Amino acid sequence: MTPTEARSDQMADSGIHDWRERFSAALMRTIAPPLAMLVRGEGCYVWDDEGTEYLDFLAGIAVNSLGHAHPAVVAAVTDQVGRLAHVSNYFASPPQLELAERLKRLTGAGPAGRVYFCNSGAEANEAAFKLARLNTKGGRRTRILSLHDSFHGRTMGALALSGKPSMREPFLPVPAGVEHIDATFAALAAAIDDTVTAVFLEPVQGEAGVIDLPAGFLRLARELCTRHGVLLILDEVQTGAGRTGEWFAYQHEGILPDAVTLAKGIGGGLPIGALVTFGAASELFQRGQHGSTYAGNPLVTAAANAVLSAIEADNLVANAARRGDQLRQILTGFDSPLIGEVRGRGLLIGVGLTEPVANRLTAAAQSNGLIVNAANESTIRLAPPLIIGDAELADFERRFGLALANL
Ligand SMILES: *Cc1c(COP(=O)(O)O)cnc(C)c1O
C-alpha cells in the first residue's frame, strides 16, 4: 500500500471524506464554517478546490495589498527563506534593519522614531498598551481612553481596548483602566485630562462596519492629547500601508500620532506587526521590557520590504485613492434600493445596506464569482488588493450587479 492509499484508507475508516466535515472535526470552534476551500491565487483572483474562480475584493481582510502570488513577494520570500529565515532577537538582520528605517520614513516618525516588530495586529496593540502604561509622568496616570465599537484584536490587552463588550464578556477580567467613550467632540473633551495616559483610535473603524470618525476628530484628539501629555495611539492595522489613499490615514488630517500600530497590509500575507513611536514616546520602553521570539525575523521583514517597495515603486497609494473613487462611483451607480450610504476611504469601503441582508448578499456574490465581506448584517466591506485596475473594476461591476439582481 502506498502512503497515499494508506491515508485515504484511514480517512475512509473514520468516515470523513468531505473537507467541510474534516474541518468541523479538526479545527477549534472559534470561527464560522469556511466559505470555500481555496487552493490557489494570482493577482486579484483566487480559485477553489473545484476550479471555480473568484475575484477577491476582500484580500484576506486588507492583508494582500499586492494581491496573490505577486512576483516581488515570491522572489523576496524564496530568496530569504533559502538564505536565513530566523535568528532570534539576540541578532540583527539586514531586512529587519531596512524595514525599520523604511517604516520610520513612511510614517513620518523621523530621526527620533523607533520601531518594535511583532507578529500580528493584536500583538502590536499589546505592545502599545504596555507603552501606554509607561507614560505615567510621576505615577498619577492610569486611565486609557478608547472608543465604543472599536476593534483592536483578540488577546487580553487588545480585548480590553476593544469597545465590544460581547467579545470581552466571556473572558473577564481583562487588564484594568480602559474607558470606552463615544466618538464625539464632547465625549472626548469631557473624558481627557492629566490622569489619562493614552487615547487609542482607529482612523476608520473597519470591523465595526467601516465607520468614519467625525470630521476633525483626529485633529481635536491630537490637540487635547498634546495639551494633557497624553499619548495619541492610532491603530492603523487595517487602514495603514496605503489602503486609504495615503500611506497612513492620519496623513489625510495633517497630524502625527505619538505611536501607530501596523500589521495586515504591510506583510502582504506574511504574519508581521509593528509599533512605530514618534518623538518622546520612543524613549519610554527600556531594555528587557518587551519582546517576542519570531518578531521581525528576516523572512517576514524581507516580505514586508518587498510589499512596501512595490507599493512605492508602482504608485499604489495614489492608485488606492483613484480606484477607490471609481469604486464609489460604481457602487452609487447601481440601480438598487438596497444600497444606502457608502463609507470609508480609498480602498477600504463600507457599503451600508438599507436592509439587514449582508450575509445573503455575500453568498450571492460568491455564487457569482466574487468575494466580498459582511462586516455586519447591514454592511458589505470591500478591501480589494491595491493593484486593482480598469479590468478588475469592470469585473466587479458585472459580478456584484449579478449578485444584487439574484438576491
Ligand atoms: C484586524 C485588526 C486588528 C487585529 O489584528 P490581528 O492581526 O488579527 O491580531 C487590530 N486592529 C484593527 C483595527 C484591525 O483591523
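Residues numbered from 1 in each chain as written. Predicted model: local features only at pLDDT ≥ 70, side-chain atom pairs only at ≥ 80, totals over all residues. Heavy atoms only, no water.

The protein chain is annotated in an unreviewed UniProt entry as Acetylornithine aminotransferase from Cryobacterium breve. Looking at the Pathway (unreviewed entry) heading of the UniProt record, one finds this comment for the protein chain: "Amino-acid biosynthesis; L-arginine biosynthesis; N(2)-acetyl-L-ornithine from L-glutamate: step 4/4." (UniProt positions renumbered as here; feature names shortened; annotations may be inferred.)

Draft legend 1. Looking closely at the site of the ligand. Near the ligand, the surroundings consist of Ser120, Gly121, Ala122, Asn125, Phe151, His152, Gly153, Glu202, Asp235, Val237, Gln238 and Lys264. Taking Gly121, its main chain carries an N or O atom lying 2.8 Å from an oxygen atom of the ligand. Note that an oxygen atom of the ligand is positioned 2.6 Å from one of the side-chain N or O atoms of Gln238. In isolation the ligand offers 380 Å² of accessible surface; the protein chains occlude 81% of this area. In terms of residue count, the dominant contributor to the shell around the ligand is helix H6 (residues 121–134) (3 residues). (Near = heavy atom within 4 Å. Polar contact = N/O pair within 3.5 Å; in protein donor to acceptor, adjacent residues only side chain to side chain. Areas by Shrake-Rupley, 256 points an atom, 1.4 Å probe, with all protein chains shown as cover. Helix = DSSP H or I, 4+ residues; strand = E, 2+ residues; numbered from the N terminus.)

Draft legend 2. Representation of the sheet that holds strand S12 (residues 273–277). The strand order S4-S12-S11-S10-S7-S5-S6 describes an open sheet built from 7 strands, whose pairing is mixed. The sheet is open, and its two borders are formed by strand S4 (114–118) and strand S6 (178–181), each paired with just one other strand. Across this sheet, the average inter-strand angle for adjacent strands is 20°, counted without regard to direction. When strand S7 (residues 196–201) meets strand S10 (residues 231–235), the two strands line up parallel, connected through 4 bridges. Following the sheet pairing, Phe200 is matched in S10 by Ile233. Taken strand by strand, helix H5 (residues 94–107) contacts S4, strand S11 (259–262) and S12, and its axis lies near 125° from that of S4. (Pairing = 2+ DSSP bridges. Axes fitted to C-alpha atoms, helices over the stretch in contact; angles between N-to-C directions. Contact = heavy atoms within 4.5 Å.)

Draft legend 3. Seen up close, the sheet that holds strand S2 (residues 45–48). Strands sit in the order S1-S2-S3-S15 across an open sheet of 4 strands; the sheet is mixed. The outermost strands of the open sheet, each flanked by one partner alone, are strand S1 (38–42) and strand S15 (370–371). Two strands pair when backbone bridges link them, and S1 and S2 are joined in this way by 4 bridges, in the antiparallel orientation. Considered in S2, the bridge of Gly41 is made with Val46. Where helix H14 (residues 390–406) meets the sheet, it contacts S2, strand S3 (53–56) and S15, and its direction lies at approximately 110° from that of S3.

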